[in-house]
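Geometric and topological summary
The residues making up each chain are set out below.
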Amino acid sequence: MKNEILVAMASDMKIIKYESESDVQYTQRVLYSALACWIKAATLDRDMSQPSSVGASKKHIKEKCTQILEATLDRIPEARGYFYPEDAQYDSVTVVRKRLIQNGDIVNIGFDTDMTLVPTSAIPLNPGTDQVIGDFFGNSIFYSGISALRPASNNINRDSFDASIWLQNYCNSAWWESGAITNDSIEYFNYDRQVRNNSYCWQPTPVDFLQKIRFLRITINKGMYEYYIEKEKGGSIFHHKIDPVMVEMKEHRRIMLALRKMANNAPAVKLTNYKDHIKLNLWIYLPLKELTFLESYGWPSRNINDFLEWEIPLCLREDVKVILANLGITVEEQNGQVRR
């Protein structure tokens, strides 16, 4: 029965087992994409007493999809740890529902208590691929993470968005106030430190200005910071506070990556090429825009909250490489070994 359920789901979503992965890893990928389908389907449920209503409540979606997930994991217990990691802050249904909003499949309606599926449409993703939103299955549709994709022939180019140029333009248009930042909890970003993880670049002692700027932060609460750029001009120091909205969008991570690129100290990631997919290993957290791409089209490797290791189809390999290069990240490629 277990194999029949998995085979049926994988067939509907056209998810093929990779040569390099175990049966458990394949099962996890199928169930992760299936959860996205269940959530999309739950948004179409209607209250029969109100036949003209649109959307379903978040409570209904969560309760129904949790029940389906639990019933499935009772039959396939080896996948339970993937959906219930020990360090989880949110339940799996909430996590995938949020990602479906980010990738455009579902939207909030009313007073943000209800959700519905968007009308079906195709969005060009790259020269050979469309993302299909508001739909489930079809002859050419296949699933990549939570997203439905299909082959296409598009006359589009991949975006070039260099982080160091972005930072220079940002500084040129920013509003600067006179004086350096003074605070007992200041930490400076050391762009020269040769580490994989940017969190190890913060230090309490000042760093030299790099092309007239340096980056710093002030602790305002446990794990919460205000971020500033300081600029040196004519022997004087000026400062600019990063807008909290930008911090919420994790754009401070783009600034860190830009500075390391400008210092010829770009962090590296590993991209492993297999004949049927790629695997991406990160040691740094990405800005929200780039993370959303991975959350939309990749499968988290180790558990549903894994932001640092992803399985991605071959049709998106060049997109991933361009995204990382635009951030100033060095991509170290290697060929993967197939299980025997």
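Report follows, based on the coordinates. (Residues numbered from 1 in each chain as written. Predicted model: local features only at pLDDT ≥ 70, side-chain atom pairs only at ≥ 80, totals over all residues. Heavy atoms only, no water.)

This paragraph deals with the overall build of the chain. When helices and strands are tallied, the chain shows ten helices and 18 strands. If one aligns the C-alpha atoms of the chain with their principal axes, the spans along those axes are about 70 × 55 × 45 Å. Within the chain, the proportion of its 340 residues that are buried is 49%. The contacts in the chain between residues at least 6 apart in sequence include a share of 62% that link residues at least 24 apart. Accessible surface computed for the chain: about 17100 Å², of which carbon and sulfur atoms make up 50%. (Helix = DSSP H or I, 4+ residues; strand = E, 2+ residues; numbered from the N terminus. Buried < 20%, exposed > 50% of the residue type's maximum accessible area, 1.4 Å probe, protein only. Contact = heavy atoms within 4.5 Å. Areas by Shrake-Rupley, 256 points an atom, 1.4 Å probe, with all protein chains shown as cover.)

Turning to unusual backbone geometry, a few remarks are in order. A positive phi angle, close to 55°, is found at lysine 14, a residue other than glycine. Residue placement: lysine 14 occurs in the loop between helix H1 (2–13) and helix H2 (23–42). At asparagine 264, a position not held by glycine, the phi torsion is positive, near 55°. Using a relative accessible area of 75% as the deciding quantity, one classes asparagine 264 as exposed.

Moving on, we get to the sheet that holds strand S9 (residues 186–189). Across the sheet, which stays open at both edges, the six strands sit in the order S8-S13-S12-S11-S9-S10 with antiparallel pairing between neighbours. For this open sheet the edge positions go to strand S8 (177–178) and strand S10 (202–203), each flanked by a neighbour on one side alone. With eight bridges joining them, strand S11 (residues 213–221) and strand S12 (residues 224–233) adopt antiparallel strand pairing. Looking at S12, one finds that leucine 216 is bridged to tyrosine 228. With respect to the sheet, helix H6 (residues 163–173) is in contact with S11, S12 and strand S13 (236–241), its orientation differing from that of S12 by roughly 75°. Strands S9, S10, S11 and S12 of the sheet are contacted by helix H8 (residues 251–262), whose axis makes an angle of about 145° with S11. (Pairing = 2+ DSSP bridges. Axes fitted to C-alpha atoms, helices over the stretch in contact; angles between N-to-C directions.)

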